[in-house]
Amino acid sequence: MSAEENNLIEILEVGHKVDVVKYIDYVSAPQAGAIATFSGTTRDMFEGKTVLELWYEAYVPMATRCLSSICTTARSTWDIHKIAVAHRLGPVPVGETSVFIAVSSVHRADGLDACKFLIDELKATVPIWKKEVYTNGEIWKENSEFMEKRLELAERRDSLVKKPVTEEHKRGCCGSKVRVEEDEA
């Protein structure tokens, strides 16, 4: 069985709940001495505000490819038997699971380390967006892991040989379609 065949990756459509037992059963195997799991659930408070629900949206084809790539990286780092990753879309009320990861491995250390890596990378790199809905409003949230990853990548980029910036590069990706006003200091 190929490594890809030992991964179950599902981005669940609106209205479908995470079936934790399904994913644990999927990764279970006689040769696995450990099954490590992570279950991300909606909490009732955030920074003193009452949370009603979370709302998730995703670019599903890219999210699936990103998750597959993260699973491949985990497999190249740890001795893993099977991986299951599920993420809900749409509303996720307080107390319900929005993301679930299960990893089976011969030894617990590999499973636990891989499980932590998978959730950290999912939150930092996979195109899934979260809106927090409170009793007094709502806000789209950027994951702190995403921001940390951006800073890490920027630092890595800045450590490379720097090339001079030309006028063409200053305009950005949209060229002359976007007007950029520069401060005159």
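The structure presented is a predicted model; accordingly, all values stated were derived computationally and were not measured. (Residues numbered from 1 in each chain as written. Predicted model: local features only at pLDDT ≥ 70, side-chain atom pairs only at ≥ 80, totals over all residues. Heavy atoms only, no water.)

1. Some remarks on the side chain of Lys82
Applicable threshold: A run of H or I in DSSP becomes a helix once it reaches four residues, and a run of E becomes a strand once it reaches two; helices and strands are each numbered from the N terminus. To sort residues, take the accessible area from a 1.4 Å probe on protein chains only and compare it with the maximum for the residue type: under 20% means buried, over 50% means exposed, and anything in between is partly exposed. Think of a polar contact as two N or O atoms within 3.5 Å of one another; within protein, one of them needs to be a possible hydrogen donor and the other a possible acceptor, and neighboring residues in sequence only count if both atoms come from side chains. Any two residues having at least one pair of non-hydrogen atoms within 4.5 Å are treated as being in contact.
Tracing the backbone through its elements, the reader meets Lys82 in strand 5 (residues 80–88). Looking at Lys82, the relative accessible area reads 15%, which means it is buried. At 3.3 Å, the side chain of Lys82 forms a polar contact with the backbone oxygen of Tyr26. Look past the residues within four positions of Lys82 in its chain and what remains in contact with it is Asn6, Tyr26, Val27, Arg75, Ala102, Val103 and Ser104.

2. Section: the UniProt feature "binding site: substrate" (unreviewed entry) in the protein chain
Where we set the bar: UniProt positions are given in the numbering used here, feature names are shortened, and annotations may be inferred rather than shown by experiment.
Per the UniProt record, "binding site: substrate" (unreviewed entry) is annotated on His107, Arg108, Lys123, Lys130, Lys131 and Glu132. One can find Lys131 in strand 8 (residues 128–134). Overall, Lys131 belongs to the buried group, its relative accessible area being 15%. Filtering out sequence-adjacent residues up to four positions away, Lys131 remains in contact with Glu53, Leu54, Trp55, Glu138, Ile139 and Trp140. In this structure Glu132 comes out as buried when scored by relative accessible area, which is 3%. A polar contact is formed between the side chain of Glu132 and the side chain of Tyr134, at a distance of 2.3 Å.

3. As for the pattern of salt bridges
Cut-off, in case you're wondering: Each reported salt bridge corresponds to a side-chain nitrogen of Lys or Arg within 4 Å of a carboxyl oxygen of Asp or Glu.
Per the counting criterion, the structure on display carries seven salt bridges. Notably, a salt bridge pairs Arg88 with Glu96, separated by 2.7 Å at the nearest N-O pair. Classification of Arg88 by relative accessible area gives buried; the value is 5%. The partner of Lys141 in a salt bridge is Glu132, with the nearest N and O atoms 3.9 Å apart. Several salt bridges converge on common partners, so that one network encompasses Lys17, Arg88 and Glu96.

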